[in-house]
Amino acid sequence: MSNSKIILSALIAVCVFSFLGFISTTLMAVFLLPTVLAFCVYDVKQGATSQKTMQLTVVDYCFMAICAIEIISCFNSIYKPNSEGTVLKTLIMTILYFFVRTFVTHRIQMRYLCDVITCFAAFLSVTTLMFFVFHAQKYSELGSLEQYKGFYRPFGMLSNDWATVLLCLLPFSTIGTLNADGKKRLWFAAANCLNITCILVSFSRGAYISLALFIMASVAFSAMRGASRRTTLLLGAVTALAFALTLPVADSVLTTIRMNKTVSQQKSVEGRLTKYDEALKVFKEQPLLGVGGGNYTLAVERYCNAGQNDIFSPRCTNTYLQLLAERGIIGFCVYAALFVAVLLTAFRRARRGNADAGILLAAILALIFREVTFSSFFEVDSIPLLFTLMCLIATHDYKDGEYEIFKR
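Residues numbered from 1 in each chain as written. Predicted model: local features only at pLDDT ≥ 70, side-chain atom pairs only at ≥ 80, totals over all residues. Heavy atoms only, no water.

Bringing the pattern of salt bridges into the picture now. The full count for this structure, using the stated rule, is 10 salt bridges. In this structure, R101 and D60 form a salt bridge, with 2.7 Å as the shortest nitrogen-oxygen distance. Of the two residues, R101 is situated in helix α5 (residues 80–103) and D60 in helix α4 (residues 58–75); the sequence distance between them amounts to 41 residues. Residue classification places R101 among the buried residues on the basis of a relative accessible area of 12%. Here R111 makes a salt bridge to D356, at a shortest N to O gap of 3.2 Å. In this pair, R111 is assigned in helix α6 (residues 107–139) and D356 in helix α15 (residues 355–373), connecting sequence segments 245 residues apart. Classification of R111 by relative accessible area gives partly exposed; the value is 31%. Because the salt bridges share partners, they merge into one network encompassing E70, E326 and R327. (Salt bridge = Lys/Arg side-chain N within 4 Å of Asp/Glu carboxyl O. Helix = DSSP H or I, 4+ residues; strand = E, 2+ residues; numbered from the N terminus. Buried < 20%, exposed > 50% of the residue type's maximum accessible area, 1.4 Å probe, protein only.)

Here it is as C-alpha cells:
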C-alpha cells in the first residue's frame with residue numbers, strides 16, 4: 001500500500017472514531033481496537049517505521065500515567081463495576097491518542113480532520129437551534145426562558161453538558177475561519193457563528209464566561225505572531241452576528257450575563273457551595289486514592305446522608321473536586337500534570353507562531369475554567385474525545401507532505 005493510501009486510511013479511521021465517540025466510547029472501541037491492531041501489524045511488516053520514529057513526549061507519559069492511576073484507583077474503589085467502566089473509557093482514549101500520534105503525522109491530515117469536525121459541528125449546531133426553537137415555543141409564554149433551561153435538553157442531554165460539548169467544538173471552526181480564504185472562510189465563519197449562537201441560548205453563566213475567555217485568549221495568543229487585529233475583527237464580527245441572532249431572546253441572554261440577578265441564579269450558587277462541601281467530605285474518607293472513578297454519587301449517599309438533604313443534583317458540579325473525591329490526591333496530581341504539560345507545550349508552539357496551537361490553547365483554557373462551574377468532563381463521552389484531539393493538534397509538530405492526500 002502506498003504512503004498516500006496509508007495517510008488517507010488513517011485520516012478516515014480517525015474521522016470514523018470521532019463520529020462514533022460522540023455516540024458512545026464503547027461503540028468506538030468496537031471499531032477502534034481491530035483497526036489499531038491492523039495498522040500496527042501492517043507497520044510491523046514494513047519494519048515498524050511509524051512506531052520506531054515516534055519520540056515520546058511529556059504529554060505522552062502523562063496519558064500513560066493517567067491510565068495507571070485509574071487502574072490503581074479501581075482496586076481501591078468502593079464499587080468496582082463503576083470504576084471498571086471509567087478505566088475502560090480511559091484506556092480507549094489513550095489508545096486513540098497513541099494511534100493518532102503514530103499514524104496521523106502530516107499536517108494535511110489534521111487540516112482535513114478539522115474540516116470534518118467543523119462540518120459535523122455545523123450540523124449539530126443547526127439541529128441544536130431546532131431543539132431550542134421547539135423549547136422556546138413551549139415555554140416562552142410562561143416567562144423568561146433562562147428560568148426553564150432545566151427543561152431544555154438538546155439530544156437528550158443537560159443544557160449545561162451540551163454547552164460544554166459546543167465549547168469543545170468551537171476551536172475547530174475558529175481555526176478554519178482564521179486560516180481559510182474566499183468562500184471557504186465564509187463557510188467556516190457561518191459554522192463558527194452558529195456554534196456560538198448555540199452556546200448563548202444555553203443560558204449557562206459558566207459557558208458565557210468560558211466563551212469570553214476563549215475569545216480573549218485567542219486574540220492574546222494571536223498577538224504573539226502579530227495577527228491580533230485580524231483575529232479580533234474576525235471573531236468580533238462572528239460573535240456580534242451570533243448575538244444578533246439571539247435578539248428574539250435578548251432578555252434571557254442579558255439576565256444570564258448579569259450572573260446573579262434572579263432568585264434561581266442565587267439558589268444555584270448556594271447549591272453549588274453545598275455540593276463542594278459534600279465533595280470535600282467524600283475526599284476526606286479516602287484522601288490518597290479516592291473512592292474510585294464513577295463513584296461520586298454513591299459515595300455522597302454513603303458518607304454524607306444525601307437522602308436526608310435537599311440536593312439539587314447528584315453531581316459534584318466541579319470536576320476538580322470530583323477528581324479529588326474519586327481519584328484522591330495522587331490522581332488529582334496526575335491529571336494536573338497532564339493539563340500543565342499540554343498548556344506549556346501548546347504555549348511554546350503558539351509563541352513560535354503556530355496559529356492552530358494558539359486557538360486550541362485558548363479552547364483548552366476555556367474548558368479548564370468551564371469544569372469549575374459544571375462537571376461534564378467525566379460524564380459525557382464526547383468531551384474527553386474532543387479534549388484528546390485538541391491535545392494532539394495543539395502539542396505536536398506535523399510533517400508538511402509534498403503530495404495530494406487523495407492522489408491515486
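Alright, that's what it looks like, and here's the rest.
With that settled, the discussion passes to the environment of G226. Relative to the helices and strands, G226 resides in the loop between α9 (205–223) and α10 (228–245). Residues G226 and G353 lie 127 residues apart in sequence; the distance between their C-alpha atoms is 8.9 Å.

Moving on: helix α13 (residues 296–303). Among the residues of α13, Y296, A299 and V300 are the ones counted as buried. Viewed along the axis of α13, the buried residues span an arc of 105°, placing them on a single side of the element. Packed against the buried residues of α13 are α12 (263–285) and α14 (319–351). (Arc of directions from axis to C-beta. Contact = heavy atoms within 4.5 Å.)

These figures come from the coordinates and say nothing about function on their own.
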